[in-house]
Amino acid sequence: MLVDIHTHAFADPIADKAVAFLIDYYKIPTSHGGRLKDNLQAAAKAGVNINVLLVAATKPTQVQPANDWILKVNAMSTDELATLSGVVNPPKLVPFGTVHPEDPDMMNEFHRLKAAGIKGIKLHPDFQGFSLDDSRLYPIFDAMGDSMILMTHVGDAARQPSDPSTPRHVRQILHDFPKLRVIAAHLGGYCYWDEALDELAGRDVYLDLSSTLSFIPSQILHNFFQRHSTERILFGSDYPLFSANEELQKIKSMLPDLSSEVRDRILYKNALDLLRL
């Protein structure tokens, strides 16, 4: 079994533009499409059983349309997903919603998502234009309790002094909201590997492997596996930047000595526990 905890897709009218933006911002070339059918086809090719689908509204005015789309996807049946993608047995989708602290309707959007059974919220402070420790987000974190999951982007290759998402931000949230279930993406900090190791390894936080294995030094990766519980590490591809197939090959190459038990935890068991599936 395989659960991909970190994938993206976009509504058809904006999909091409969104992927072009990601390529330009991260300087990571990709040939993968950004539409939902592309996401499902790539996942099926890799044998993914469950895909967590993430969106993050970059402007307050985009929150409601983004969540409208997420709720529409959430309501799609297996047959509808099969028809859309051309995949006979498409992966199950677990969509996460989005919020923005400048949205005057933020709490209503949160409650709309929660009432629909959405399991989590995705934040990307770098793209959304706020700091992860913005106090305007605290009512959301408090309301989530342990009933929903916070997935947040962490880190940036540019490493600006005012970076809005760092491992230290995540550590502060863990301190202030101990009940909150948090996934710190990119092994706790894209290109902030040393800080993530110091600030987050060993803590009660989930770390996903998305956009990590192509960039992290091998020794630091092994240090994470020594210092952080393997029950808190999750497989993620960051599709469409990378595919699940590509990331599985990197795991085999960089972590060849994983036991079958640990491998199963990372590839699906931890995610199933976290998602309560």
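Structure's up top.
Summarised in this report is the structure supplied together with it. (Residues numbered from 1 in each chain as written. Predicted model: local features only at pLDDT ≥ 70, side-chain atom pairs only at ≥ 80, totals over all residues. Heavy atoms only, no water.)

Once that is clear, we can look at the pattern of salt bridges. What the rule picks out here adds up to 13 salt bridges. The closest approach of N and O atoms between D24 and K27, which form a salt bridge, is 3.4 Å. Just as D24 is exposed, K27 falls in that class too. Three or more residues are tied together by salt bridges with common partners; here these are R168, R171, E195 and E199. (Salt bridge = Lys/Arg side-chain N within 4 Å of Asp/Glu carboxyl O. Buried < 20%, exposed > 50% of the residue type's maximum accessible area, 1.4 Å probe, protein only.)

Now for the environment of S131. Checked against the element boundaries, S131 lands in the loop between α6 (125-128) and α7 (138-144). Judged by relative accessible area, which is 23%, S131 ranks as partly exposed. For the pair S131 and T166, spaced 35 residues apart in the sequence, the C-alpha separation amounts to 9.3 Å. Contacts of S131, omitting those with residues within four sequence positions, involve P125, L137, P164 and H169. A distance of 2.4 Å separates a polar atom in the side chain of S131 from a polar atom in the side chain of D133. A distance of 3.4 Å separates the side chain of S131 from the side chain of H169, its partner in a polar contact. (Helix = DSSP H or I, 4+ residues; strand = E, 2+ residues; numbered from the N terminus. Contact = heavy atoms within 4.5 Å. Polar contact = N/O pair within 3.5 Å; in protein donor to acceptor, adjacent residues only side chain to side chain.)

Attention shifts here to the packing of helix α3 (residues 63-74) against helix α5 (residues 106-115). Two elements in contact, α3 and α5, have axes whose closest approach is 11 Å; the angle formed by their N-to-C orientations is 0°. Here α5 runs roughly parallel to α3, going by the angle between their axes. Only E109, R112 and L113 of α5 make contact with α3, whose side of the interface consists of V63, Q64, N67, D68 and L71. The residue inventory of the contact of α3 with α5, partitioned by class, reads three nonpolar, two polar and three charged. (Axes fitted to C-alpha atoms, helices over the stretch in contact; angles between N-to-C directions. Parallel < 35°, antiparallel > 145°, perpendicular 65-115°, else oblique. Nonpolar A, V, L, I, M, F, W, Y, C, P; charged D, E, K, R; others polar.)

With that out of the way, let us pick up unusual backbone geometry. Cis rather than trans, the peptide bond between Y239 and P240 has omega equal to 15°. The phi angle at H186 is positive, at roughly 60°, despite the residue not being glycine. Here H186 is to be found in the loop between β7 (181-184) and α9 (193-199). For H186, a relative accessible area of 4% translates into the label buried. With phi around 55°, R276 is a residue other than glycine that occupies positive phi space. With respect to the helices, strands and loops of the structure, R276 is situated in the segment after α12 (260-275).

Right, let's talk about the nonpolar core for a bit. L36, L123, F141, M144, V170 and F224 are the most contacted members of the largest nonpolar core, which has 93 residues in total. It is α12 that provides the largest number of residues to this core, a total of eight residues. Residues contacting L123, with those up to four places away along its chain left out, are V99, Q128, F130, L132, L137, F141, L150, M151, T152 and H153. (Core = buried A, V, L, I, M, F, W, Y, C linked by side-chain atoms within 4.5 Å.)

Right, let's talk about the packing of aromatic side chains for a bit. Two aromatic rings are characterised by how far apart their centres lie and by the angle between their planes. Counted according to the given criterion, the structure contains twelve aromatic pairs. Centroid distance Y138 to F141: 5.9 Å. Interplanar angle 40°. Geometry classified as tilted. One end of the pair is Y138 and the other is F141, both in helix α7 and three residues apart, which spans about a single turn. Looking at Y138, the relative accessible area reads 21%, which means it is partly exposed. Ring-pair connections join several aromatic residues into one group, and the members of that group are F21, Y25, Y26, F127, Y190, W193, F215 and F242. (Phe/Tyr/Trp six-rings, centres within 6.5 Å; stacked < 30°, edge-to-face > 60°.)

Before going further, it helps to spend a moment on the pairing of strand β5 (residues 120-123). Side chains G120 and K122 of β5 all project onto a buried face; the interleaved residues I121 and L123 project onto the opposite face, where all are buried too. Taken together, the two bridges between strand β4 (residues 97-98) and β5 define a ladder with parallel strand orientation. Paired with G97 across the two strands is I121, which belongs to β5. Remark: the β4/α5/β5 crossover connection has right-handed handedness. With four bridges connecting them, β5 and strand β6 (residues 149-152) associate as parallel partners. When the sheet's bridge partners are listed, G120 is paired in β6 with I149. (Pairing = 2+ DSSP bridges. Right-handed = clockwise from strand over helix to strand, strands pointing away.)

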